[in-house]
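The chain contents come next:
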Amino acid sequence: REVSLRRLFDHAIVGYRLFRDVSDEAPPDLIVASWPTIETCLAASRYSRRTRVPLVIDVRDQWPTIFWDSARGPRRHAYRAGSAPYELLARSVLASADVITANGPGSLDWAFHRIKRPRTERDRWYPMAFDRRTLNNQERHQAEDFWSRLGVDVSHRTRTLVYAGALNPATRDLETLVSAALLVSRRIPDFRLVVCGAGRGLATLKTLAQGSDVVLVAGWVDSPSLQALIESASIGINPSIELENFR
């Protein structure tokens, strides 16, 4: 589960073991800690203070805001109240960083909303990216064979819409995505939606797409297969739900 007491307990154990294991290590020139988890960043912060090594915290998800962000009604208020100690810890750890980076302007604003120091030129956001490479002949052949077995031709440009990512109904509006694809297909006969990924919404998505020639739920696919699909597609989409954590 995305948020559970068991998961938070596991985070605490990992943070404790990290600080214990690095305590006897020779100090590095720089410490970069990914956020979340808060506990590993806390361990990095304690080690940074002890060794006087500069600390960079890189915000990837807005913990603990994500705890209550997707909840509705009374649950939202209960989650927020219960997360108050975690929020105080988050503010303290973020304030200890010499530099804060993030994967988008919203995440950087979120972090600085929680600390008092002014932003400097070193505090920046960097968009998420990946190294694009050219598939070799074997990889391309295997990818084309994989998609061919699923009825998808990736050897040339097609009218295909692609979503690749987590299938989490709390953060992705997958049902609307499927409904929209079915509507588009009425005007564009050769239009198709291909969904790649895994998560709690996979079973529901497969049920929605069952019997449809328009929507293909491929599940998790390897990197060469995904690249071949994206190169042949007309457009990609990210059906994120409007949440503070994903702005």
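Per chain, the residues get numbers from 1 upward, laid out in the order the sequence is written. Reporting in this predicted model follows two pLDDT cut-offs: at least 70 for local features of residues, and 80 or more for side-chain atom pairs to be given and counted; totals over whole chains, interfaces and linings ignore these cut-offs and use all residues. Side-chain measures were taken over the full set of non-hydrogen atoms in the model, leaving aside hydrogen atoms and water.

Engineer: Please provide a residue-by-residue account of the pattern of salt bridges, values included.
Structural biologist: The term salt bridge refers to a side-chain nitrogen of Lys or Arg lying within 4 Å of a carboxyl oxygen of Asp or Glu. Scanning the entire structure with this criterion turns up ten salt bridges. We note a salt bridge from Arg-119 to Asp-109, for which the minimum N-O separation is 2.8 Å. One end of the pair, Arg-119, is in the loop between helix 6 (105–112) and helix 7 (137–149); the other, Asp-109, is in helix 6, and ten residues separate them in sequence. In this structure Arg-119 comes out as partly exposed when scored by relative accessible area, which is 43%. Residue exposure (1.4 Å probe, protein chains only): buried if accessible area is under 20% of the type maximum, exposed if over 50%, otherwise partly exposed. Given a relative accessible area of 42%, Asp-109 falls into the partly exposed group. Strands here are runs of E lasting at least two residues and helices are runs of H or I lasting at least four, both read from the DSSP assignment and numbered beginning at the N terminus.

Engineer: Which residues make up the sheet that holds strand 5 (residues 192–196), and what values do they have?
Structural biologist: Ordered by their spatial adjacency, four strands build an open sheet running 6-5-4-7, and the pairing between neighbours is parallel. Both edges of this open sheet fall to strand 6 (215–219) and strand 7 (235–236), since each of them pairs with a single strand only. At least two bridges found by DSSP between two strands is the condition for calling them paired. Sheet topology places strand 5 next to strand 6; four bridges connect them, and they run parallel. Bridge pairing in strand 6 links Leu-193 to Val-215.

Engineer: Tell me about the nonpolar core, residues and numbers included.
Structural biologist: Within the largest apolar cluster, 29 residues are counted, with the highest numbers of intra-cluster contacts made by Trp-35, Ile-57, Val-59, Trp-63, Leu-94 and Ile-100. Broken down by secondary-structure element, the contributors of at least two residues to this core are strand 1 (31–35), helix 2 (38–51), strand 2 (55–59), helix 3 (65–69), helix 5 (84–95), strand 3 (99–102) and helix 6. In terms of residue count, the dominant contributor to this core is helix 2 (five residues). We call two residues contacting when some pair of their heavy atoms lies within 4.5 Å. If near-sequence neighbours (up to four positions away) are discounted, Trp-35 is found in contact with Cys-41, Ile-57, Asp-58, Val-59, Arg-60, Asp-61, Trp-63, Ala-90, Val-93, Leu-94 and Trp-110. Residues enter a nonpolar core if they are buried and are Ala, Val, Leu, Ile, Met, Phe, Trp, Tyr or Cys, with the set joined through side-chain atoms within 4.5 Å. Counting residues in hydrophobic clusters, the runner-up holds 15 residues, among them Val-178, Ala-181, Leu-205 and Val-214.

Engineer: Run through the packing of aromatic side chains, naming residues and quoting values.
Structural biologist: Each pair of aromatic rings taken from Phe, Tyr and Trp, with Trp reduced to its six-membered ring, is defined by centres within 6.5 Å and is described as stacked if the planes are under 30 degrees apart, edge-to-face if over 60, and tilted in the remaining cases. Taken as a whole and assessed by the stated rule, the structure comprises two aromatic pairs. Where Phe-146 meets Trp-147, the ring centres are 4.9 Å apart and the plane angle is 75°; that geometry is what we call edge-to-face. Residue Phe-146 is classed as partly exposed on the basis of its relative accessible area of 22%. Trp-147 sits in the buried class, given a relative accessible area of 0%. Positioned above the aromatic ring of Phe-19 is the side chain of Arg-46, whose terminal nitrogen or guanidinium carbon lies 3.9 Å from the ring centre. A ring is scored as having a charge over it whenever the NZ atom of a lysine or the CZ atom of an arginine sits within 6 Å of its centre and within 35 degrees of its normal.

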